[in-house]
Amino acid sequence: MFSELLQQGGLSLDRLQSFCLVAQAGGVTRAAKGDPTRQSLFSRQVKELEEFFGAELVRRKGRGIVLTDAGSRLNTIARECCAALTDFKNECRNQPVEVVIGAGESVIQWLLMPRLDRIREQLPNVRLKFLNLPTAEAVKRLADGVIDFALVRKDAVHRPLQAKTLGRMAYSLFIPAGLQAGAGRKEGIEILDGLPLATLEGEGSFRSGLAQSAKKQGVKLDIQIECSSFPLAARAVARGHVAAILPAIAAAEVHPAVATQVPVAFLKGFDREMCLASNARLLRVRPILTRASTALELECRF
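First, a word on what this report is: a plain description of the structure on this page.

What counts, and at which threshold
One numbering rule holds for all chains: residues counted from 1, following each sequence as written. Owing to the predicted nature of the model, reporting of local features is limited to residues with pLDDT of at least 70; listing and counting of side-chain atom pairs is limited to 80 or more, with chain, interface and lining totals taken over all residues. Working from all heavy atoms in the structure, the side-chain values ignore hydrogens and water. Only buried residues count toward a nonpolar core. Its members are Ala, Val, Leu, Ile, Met, Phe, Trp, Tyr and Cys residues joined through side-chain atoms within 4.5 Å. Each residue's exposure class comes from its accessible area (1.4 Å probe, protein chains only) as a fraction of the maximum for that residue type: buried when under 20%, exposed when over 50%, partly exposed otherwise. Contacts are residue-level and defined by heavy atoms, with any inter-residue pair within 4.5 Å sufficient. Any two strands with at least two DSSP-identified bridges between them are counted as paired. The secondary structure listing takes helices from DSSP runs of H or I that are at least 4 residues long and strands from runs of E that are at least 2 residues long, numbered from the N terminus. Orientation is described by lines fitted to C-alpha atoms, with helices fitted over the stretch in contact, and by angles between N-to-C directions that extend from 0 to 180 degrees. Helix span, as expected, comes to 1.5 Å for every residue beyond the first. Any pair of Phe, Tyr and Trp rings, taking the six-membered ring for Trp, is counted once the centres come within 6.5 Å. Such a pair is stacked with planes under 30 degrees apart, edge-to-face with planes over 60 apart, and tilted for the rest.

1. A few points about the nonpolar core
Point 1. Phe149, Leu151, Leu173, Leu192, Ile245, Leu246 and Phe266 are the most contacted members of the largest nonpolar core, which totals 60 residues.
Point 2. If we ignore the near neighbours within four places in the chain, the residues touching Leu151 are Ile101, Gly102, Ala103, Val107, Leu111, Leu112, Leu166, Met274, Cys275, Leu276 and Cys300.
Point 3. Formed by 15 residues, the second largest nonpolar core is a distinct cluster that contains Val22, Ala31, Val46 and Ile65.

Right, here's the structure in full:
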């Protein structure tokens with residue numbers, strides 16, 4: 001079955017690994033990390049693979065490279081093959097098999113970590129690796145076979161990836177005790193008018209949606225602290241000087257004595273359906289991922 005494939009020189013696991021590193025880094029120089037010897041080796045190995053398969057695998061783009069259709073297909077095949085062989089080797093030696101999960105920091109801290117013991121009970125001899133990734137990056141890495149699962153918004157996942165619904169991520173306003181009198185009993189977005197806030201920095205979907213809602217209702221946001229993640233905003237709330245809109249699951253982190261969780265009606269529009277996203281091709285070649293998918297779906301439902 002494989003005799004014809006292996007009669008010609010130029011194909012090896014080492015070359016395939018180098019090609020995957022170049023593909024992931026987006027260039028030979030970046031993959032070599034400034035090492036001239038490795039850079040020369042990677043360039044030669046990619047050329048040898050192109051000669052072996054008789055196809056162009058990469059094209060130059062600016063200072064980096066992009067994969068051709070053939071290169072993209074080979075990258076997928078090589079990653080799946082190496083991942084399956086690594087699992088097999090570790091299982092034969094009774095060593096932990098690695099499962100990589102990408103998610104935002106709030107999901108990792110407030111959803112995964114509180115359930116970690118139960119997840120690990122169902123996955124003996126598995127080493128879990130959590131990567132703090134923005135949604136778009138997590139989905140891309142999952143499609144490329146770089147990570148094994150992503151816990152992200154369901155509307156960000158498209159075929160051929162598959163998604164299992166975990167529940168709806170709701171949001172609440174968390175107000176420290178010293179600021180509650182100023183907030184009054186307002187139920188609409190006007191509760192934010194003049195309220196000192198900590199919120200996410202940048203132009204992500206949450207921050208953009210909040211700004212649009214406030215502008216539409218003529219509410220001026222008093223943003224005093226910008227953070228790269230919701231957990232950092234929660235820590236700012238704990239200091240007692242600012243309020244913040246956080247995922248409702250932050251209630252496990254923000255003690256009621258520190259801040260009151262207020263489920264404001266207008267925040268319904270910010271609800272997100274969350275899912276466990278996976279790559280069906282990886283599930284087929286790595287049996288451990290089927291077990292991991294079952295455990296994560298069971299334990300991470302809202």
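2. A word on the sheet that holds strand S11 (residues 259-262)
Point 1. Here we have 3 strands laid out as an open sheet, ordered S10-S7-S11, and antiparallel in their pairing. With one partner strand each, in any of the chains shown, strand S10 (244-247) and S11 form the two edges of the open sheet. Taking the axes of each pair of neighbouring strands and ignoring which way they run, one obtains an average angle of 35 degrees across the sheet.
Point 2. Relative to S11, strand S7 (residues 171-176) runs antiparallel, the two sharing 4 bridges. Each bridged residue has a counterpart across the sheet, and for Ile175 the counterpart in S11 is Thr260.

3. Structural notes on helix H5 (residues 69-92)
Point 1. The terminal C-alpha atoms of H5 lie 35 Å apart, and with 24 residues this matches the ideal 34 Å at 1.5 Å per residue to within 8%.
Point 2. Where H5 terminates, the next one or two residues include Asn94, which has phi positive at roughly 55 degrees.

4. Some details on the packing of aromatic side chains
Point 1. Per the counting criterion, the structure on display carries 6 aromatic pairs.
Point 2. Ring geometry for Phe52 and Phe53: centres 4.9 Å apart, planes at 85 degrees, overall edge-to-face.
Point 3. The exposure class of Phe52 is buried, given its relative accessible area of 11%.
Point 4. Through a chain of ring-to-ring contacts, the aromatic side chains of Tyr171, Phe206, Phe230, Phe266 and Phe270 assemble into a single cluster.

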